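These are the residues of each chain, in order.
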Amino acid sequence: MGFNTKAVHTGVAKDSQYKSVTTPLYTSSNFAFSDISTHTGYDYTRSGNPTRRAAEENIATLEEGVDARCTSTGMSAVTGVLHLLQAGDHVVCGNDIYGGTFRLMHSVFSKMGIVFSFIDMRKAQNVTEALRANTKMVWIETPSNPLLNIVDIEAVAAIARKHGAISVVDNTFMTPYYQKPIRLGVDIVLHSTTKYINGHSDVVGGAIVSSSKTLAEQIQFNVNALGIGEAPFDAWLVLRGVKTLGLRMEQHSRNAMAVAQFLDGHPSIETVYYPGLPSHPGHDLAKRQMSGFGGMVSFDFKPNTIDLNVFFNRLTYFTLAESLGGVESLVEAPYFMSHASMTESARTEAGIKQTNVRLSVGIEDVNDLLDDLKSALK
Ligand SMILES: Cc1ncc(COP(=O)(O)O)c(C=O)c1O
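Residues numbered from 1 in each chain as written. Predicted model: local features only at pLDDT ≥ 70, side-chain atom pairs only at ≥ 80, totals over all residues.

### Remarks on the overall build of the chain
- Per the secondary structure count, the chain includes 14 helices and 14 strands.
- Here the chain has a C-alpha radius of gyration of 21 Å; the compact-globule value for 378 residues is 21 Å, and the two agree.
- Principal axes of the C-alpha set define a box for the chain whose edges measure 75 × 50 × 35 Å.
- The proportion of buried residues among the 378 residues of the chain is 50%.
- The contacts in the chain between residues at least 6 apart in sequence include a share of 74% that link residues at least 24 apart. (Helix = DSSP H or I, 4+ residues; strand = E, 2+ residues; numbered from the N terminus. Rg over C-alpha atoms; globule rule 2.2 N^0.38 Å. Buried ≥ 20, exposed ≤ 12 C-beta atoms within 10 Å, placed from the backbone. Contact = placed C-beta atoms within 7 Å.)

Okay, here's the thing in structure tokens:
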């Protein structure tokens, strides 16, 4: 089965009574037992729900994992994975990651005795050098948020495996349509399904995909014990959204390439970050491990050339808002918005400047998007 066929046909045909074409929404919090030890496979929605399970089957299939669990947010997916660790464990993580992931690691999990090293992962050798005897997890976000740095998934996963550490990829930006980390040797793939997988900016959700039965059991234990499973209605929306993932990613990617090419070389702009540009330092690696470049573009204005608020106010189709991956185009300033939860020194180390602007390029007609940017930059 091809990707789009899997996306459309997995997790459906669940209604044997009425044969509904789409998956029914089971909002029930609990399910009847026929005797004290027998039920239909579901007892309580925190532990499992048929609608959520359908979305999980779909995402597991697309990511080529053995199982997936849908969670209430992307951050609860991160929480569910980090709870595989215990006090005294060490994690090697990229330093250019989503601000909320950094905050959770730096300000919450570090209080529980887990130690994090935030490093530049663009060189796989840096990961080897950061390993300690107690390193139990290696956390990869690629392309990274917001600078679109590319990490060599296969090389880093191999380093983690050799050391006996679990490798994790946050695949939110690329989605399984363009990047398949499990094929590249990764143990766990994680998503904020709030973004491309749902794709319509009307859900917050997450997913954890495991590559082995052992990990899948531990993740399901954590999701149930922590109570972080996704609400049935949200899972139902995710299942509806994911069916068009491939089509949307193609259009996001085409539009983003045109936007990046337009911004590249503009007199007010210092640097454009888009892995599809041959000038991007990770371009060759991106071509090897991704089958497209995605819809995220970021760039730095030249210092003192522009008031960001004036630029944002002049835009019509790019809405000033956090988040990303929906059908509509968005713009934001990571230093002040999505990455404000990182410490000042962490932002500096990651290279996130006050002049950085991140675009989530939507699926609108590209000429409208280009005209919008042209007139705002005038
Ligand atoms: C790469 C990445 N991972 C995880 C998250 C967290 O997801 P959520 O906002 O759904 O909790 C985000 C949110 O922006 C993100 O961009």
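Right, picking up where we left off after that structure.
### Remarks on the packing of helix α3 (residues 74-82) against helix α4 (residues 99-108)
- Contact geometry for α3 and α4: axes closest at 10 Å, N-to-C directions at 35°. Where α3 crosses over α4, the handedness of that crossing is right-handed. The residues of α4 that touch α3, namely those facing Met 75, Val 78 and Thr 79, are Gly 100, Thr 101 and Leu 104.
- Taken together, the residues of the contact of α3 with α4 break down into three nonpolar, three polar and no charged. (Axes fitted to C-alpha atoms, helices over the stretch in contact; angles between N-to-C directions. Left-handed = near helix turned anticlockwise from the far one by under 90°. Nonpolar A, V, L, I, M, F, W, Y, C, P; charged D, E, K, R; others polar.)

### Description of the domain arrangement of the chain
- Assigned domains within the chain: domain 1 (3-242) and domain 2 (245-377).
- A C-alpha centroid distance of 25 Å is found between domain 1 and domain 2.
- If you look at the interface, domain 1 gives 35 residues, while domain 2 gives 36 residues.
- Taken together, the elements giving at least two residues each to the side of domain 1 that touches domain 2 come down to α1 (3-9), α4, α6 (153-163) and α7 (175-178).
- Its residues assigned to classes, the side of domain 1 that touches domain 2 shows 18 nonpolar, 11 polar and six charged. (Domains from an automatic or database assignment.)

### Notes on the sheet that holds strand β9 (residues 206-210)
- The strand order across the open sheet formed by seven strands is β3-β9-β8-β7-β6-β4-β5, and the pairing between neighbours is mixed. Only two strands of the sheet have a single partner each, and these edge strands are β3 (67-71) and β5 (115-119). Neighbour-to-neighbour, the strand axes of this sheet turn through a mean angle of 20°, independent of strand direction.
- Across five bridges, the pairing between strand β8 (residues 188-192) and β9 is antiparallel. Each bridged residue has a counterpart across the sheet, and for His 191 the counterpart in β9 is Ala 207.
- Contacts from helix α2 (residues 50-63) reach β3, β8 and β9 within the one sheet, and its direction differs from that of β3 by about 130°.
- Lying over the sheet, helix α8 (residues 213-226) contacts β3, β8 and β9, oriented at roughly 20° with respect to β3. (Pairing = 2+ DSSP bridges.)

### Overview of the sheet that holds strand β11 (residues 296-301)
- In spatial order, the strands read β10-β11-β14-β13-β12; together these five strands make up an open sheet with mixed pairing. Of all strands in the sheet, those bounded by a partner on one side alone are β10 (269-273) and β12 (319-320).
- Inspection of the sheet shows β11 paired to strand β14 (residues 356-360) by five bridges, in the antiparallel sense. Note that in β14 the partner of Phe 299 across the bridge is Val 357.
- Where helix α10 (residues 245-263) meets the sheet, it contacts β10, β11 and β14, and its direction lies at approximately 15° from that of β11.

### Here we look at unusual backbone geometry
- With an omega of -5°, the peptide bond running from Thr 142 to Pro 143 counts as cis.
- Mapped onto the elements of the fold, Pro 143 is located in the loop between β6 (135-141) and α6.
- Backbone geometry places Lys 19, a non-glycine residue, at a positive phi of 60°.
- Looking at the element boundaries, Lys 19 is found in the loop between α1 and β1 (33-35).
- Located in the positive-phi region is Ser 323, a residue other than glycine, with phi close to 70°.
- Here Ser 323 falls in the partly exposed class, since 16 other C-beta atoms lie within 10 Å of it.

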